[in-house]
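Below, each chain spelled out in residue letters.
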Amino acid sequence: MDQALASGRTYLMEHESKAVLESLGISTTGAGLAGSEEEAVKLFKSLGSAAVLKVLSPQVVHKSDAGGVVLNLGDEAAVRKAYREIVAAFRDKELAGVSVQKMAKPGLEVIVGVAQDATFGPMLMFGLGGVFVEALKDVSFRSIPVSESDAQSMIEEIKGYALLKGYRGSSADVAMLKQLLLKISDFVVKNPNVSEMDLNPVFLYPKGYTVVDARIILGEPRPVPPASGKLDLHDLFYPNSVAVIGASGTPGKLGWNVFSNLVSHKFLGKLYPINPKADEIQGIKAYPCISAVPEPVDVAIILVSAGVTPDVVEECCKCGVRYIVVESAGFAELGSEGKKIEVDMKAIADKYGVRLLGPNCSGIINTHCSMVQSIGLVDSLCKGNIGLVSQAGVCAAGMLWGLRHIMDFGIIATIGNKLDINETDMLETVSKDENINVICMYLESVKGGRRFIDVAKQVTLEKPVVVLKSGRTEAGKKAVASHTASLAGNDQIFSAAFRQSGIIRARDYEHMFNLTRAISKQPFPDREGVFIITYAGSLGVIAADAITDNGMRLSELEPPLKERLKKLLPDYVCGMNPVDYTFSQDADIVKRTIEIGVDSEDVGSFIVVLQAEILDSYVETLKSINYKGKPIIACVAGKEFALPDVIKMEKAGIPVFSTPEEVADALAIMYRHHERVKKAKAK
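Residues numbered from 1 in each chain as written. Predicted model: local features only at pLDDT ≥ 70, side-chain atom pairs only at ≥ 80, totals over all residues. Heavy atoms only, no water.

Regarding its fold elements, the protein chain presents 24 helices and 31 strands. Referenced to the eigenvectors of the C-alpha coordinate spread, the extents of the protein chain come out at roughly 95 × 80 × 40 Å. The buried share of the protein chain, reckoned over its 683 residues, is 55%. Of the contacts formed within the protein chain by residues at least 6 apart in sequence, a portion of 72% connects residues at least 24 apart. Carbon and sulfur atoms make up 54% of the accessible area of the protein chain, which totals about 29100 Å². With 75 positive and 82 negative side-chain charges, the protein chain shows a spacing of 3 Å between the two charge centroids. (Helix = DSSP H or I, 4+ residues; strand = E, 2+ residues; numbered from the N terminus. Buried < 20%, exposed > 50% of the residue type's maximum accessible area, 1.4 Å probe, protein only. Contact = heavy atoms within 4.5 Å. Areas by Shrake-Rupley, 256 points an atom, 1.4 Å probe, with all protein chains shown as cover. Lys, Arg positive; Asp, Glu negative; His and termini not counted. Charge placed at Lys NZ, Arg CZ, Asp CG, Glu CD.)

This is the structure in structure tokens:
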């Protein structure tokens, strides 16, 4: 690699790449470099088998596409002819020579590669080769370094995994394939100037594998990520004092909204409104500037125009403020001028060792210390177990108006432009809060890179994390040198990073809040079996289909429990799961049926389809049942027309969804998360 860089090349040719791989204990077909026809013949004779000749030129990257590969050469005459043809075909190129190598025994064709991602750094790729990778893009990715479980999940994740396990008498050595992935990951970690790699194809056999072609592309050494020190943002979430710089006594202004929220929600600490033109705001003594406050201030919220913000930040730092929340807008989101202001602010905060949230955010809400910093007026909130981290501040605050009726948030942290404190810092901090049991995140980007994966991997073992990542589509993509990089779509990389972290990825806002709501109120299913109770046969059938489509199954009651159930069933009902009571279904019969399911070893969760028009009659009854750790989710068609009763049911701890498909999806995701965590903790 050093020789290649010294000669001005940013890649290794095939024979060089294979020499590197062989030094790592990776089996290849080898590649001898022939500079003449006679050398090609000599190399061929040393192989003792049929040969392949390939052009070696720094100007020919995709050899097969350029016609620079001749296969299955069985005698000296064929080798001579192939050599002359290659040299003639590429006489206008800078030829390093012709590669002579063994003709590989056919096997199951796969591709292994490395590509660089702007967010997560080097990414390892694996997939089936040939038509599968070209047309179907059946590939998986993980951020490097990968663990053994990462490598195993990469292999199992592709649609063609069944072919690897064995199909029509052929199979692949999955254990050796996993070792290959781990060796490539380790090689990239130890060599930070490796930018991209293609091992394509790799032939897999029942025992072992062979790398048939290889390419290593070099680049600037990856920067070493800064060592992350101890993160301490506790007092940002639980401050003893808050100053609002730009607090206003005029209703409708943002300074009024923020200060009014802190006052009306009865913030437990001290409040200091800062406004040079006011003596008091909302009955609290005002100060002309932060330096005039006679006592220490933990958190300063800044609501002044962008242009003067750096000066205000510096004044806060000089006064010993520990955390600064910049809720003002007009920074990097508006262009280069705003970006420069951000750079100045960051330099000032770093100089004093002060942590800064925002700009362009809506602060933090923590119901457990009655602190609401939102720029939008917020009505009463209940103390809850949900943590929400959102890149979009106004969006988070806006959602709260309706969601507060059916979801109890403990913390809402908005991060805006992430000048200093980013999504990874917030995830790590919120996860340590004993009041929070589940975390949901809305992200437009990830600034934490590999640290985000490492932090999330630890967090998700204890608390589930549901993420909605926007910006899933790409208008275009730059040309890249390796096949691996061309397959690495930005959204696919994010999905891979989330899987590697144990994060649950949501499809849209409704999906994120449905999942979060279910997880915050119900335990995880510990088995696949689902028991369905319904008043409408059609909805029961739809639920059964959805359960199967999501990889779950209908539970099977034990014989004694079937006998108990038969005594409850009307004469016209014969199904044991789904149980269809038609319109004779009422709260008492549902309760007695659930209690039978609770006693079954095969029932892991419940779907109850309830009538919207009498939903209120079910609330207290369902609330009174001992479910013995088994989750229940209600499906109410037309629930939007019975919202007061839906809210009652939600406050009773039972999530209410609109369709059977939504319920089945949530239960399946919860079950898979439970199984993943159980498996990870068992190691």
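Text resumes after the structure shown.
The seven strands lie next to each other as β20-β19-β22-β21-β23-β24-β25, forming an open sheet whose pairing is mixed. Here the strands that pair on one side only, and so sit at the sheet edges, are β20 (371–372) and β25 (504–505). Inspection of the sheet shows strand β24 (residues 465–469) paired to β25 by two bridges, in the parallel sense. Residue pairing for β25: Val 467 is matched across the bridge by Arg 505. Packed on one face of the sheet, helix α18 (residues 509–521) meets β21 (386–390), β22 (409–414), β23 (438–443), β24 and β25 and runs near 170° to β23. (Pairing = 2+ DSSP bridges. Axes fitted to C-alpha atoms, helices over the stretch in contact; angles between N-to-C directions.)

As a further point, take the pattern of salt bridges. Counting across every chain of the model gives 50 salt bridges. Between Arg 507 and Asp 665 there is a salt bridge; the shortest N-O distance is 3.5 Å. Of the two residues, Arg 507 sits in the loop between β25 and α18 while Asp 665 sits in helix α24 (residues 660–682), which places them 158 residues apart along the sequence. In this structure, a network of salt bridges that share partners links the residues Glu 37, Glu 38, Lys 45, Glu 76, Arg 80 and Arg 84. (Salt bridge = Lys/Arg side-chain N within 4 Å of Asp/Glu carboxyl O.)

When pLDDT is averaged across the protein chain, the result is 92; 96% of the residues are at 70 or more. Every residue in residues 475–488 scores below 50 in pLDDT, and together they form 39 contacts with partners more than four places removed in sequence or on other chains. (pLDDT = per-residue confidence, 0-100.)

Right, let's talk about the packing of helix α19 (residues 537–549) against α24 for a bit. Two elements in contact, α19 and α24, have axes whose closest approach is 8 Å; the angle formed by their N-to-C orientations is 30°. Our classification of the angle between α19 and α24 gives roughly parallel. For α19 against α24, the interelement crossing comes out right-handed. Contacts between α19 and α24 involve Leu 539, Ile 542, Ala 543, Ala 546 and Ile 547 from the former and Pro 660, Glu 661 and Ala 664 from the latter. Looking at the contact of α19 with α24, its residues break down into seven nonpolar, no polar and one charged. (Parallel < 35°, antiparallel > 145°, perpendicular 65-115°, else oblique. Left-handed = near helix turned anticlockwise from the far one by under 90°. Nonpolar A, V, L, I, M, F, W, Y, C, P; charged D, E, K, R; others polar.)

Our focus in this paragraph is the sheet that holds strand β4 (residues 69–73). Pairing within the open sheet is antiparallel, and its four strands lie in the order β2-β5-β3-β4. Pairing within the sheet leaves two strands with one partner each, and these edge strands are β2 (32–34) and β4. When strand polarity is set aside, the average angle formed by the axes of neighbouring strands in this sheet is 25°. Pairing of strand β3 (residues 51–56) with β4 involves three bridges; the strand directions are antiparallel. Opposite Ala 51, over in β4, you have Leu 73 as the bridge partner.

Take the state of the cysteines next. Using the criterion set out here, one finds zero disulfides in the structure. Its sulfur unpaired, Cys 289 is 7.3 Å from the next cysteine sulfur, which belongs to Cys 319. (Disulfide = S-S within 2.5 Å.)

Here the focus is unusual backbone geometry. Most of the time, phi is negative for any residue but glycine, and the peptide bond is trans. Pro 201 follows Asn 200 through a cis peptide bond whose omega is 5°. Here Pro 201 shows up in strand β9 (residues 194–204). Note the cis peptide between Gly 358 and Pro 359, where omega equals -5°. If you trace the backbone, Pro 359 turns up in the loop between β18 (355–357) and β19 (364–366). Look at Lys 266: it is not a glycine, yet its phi comes out positive at around 60°. Relative to the helices and strands, Lys 266 is located in the loop between α10 (254–264) and β13 (270–274). The phi dihedral of Ser 370 falls on the positive side, at around 55°, and the residue is not glycine. Checked against the element boundaries, Ser 370 lands in the loop between β19 and β20.

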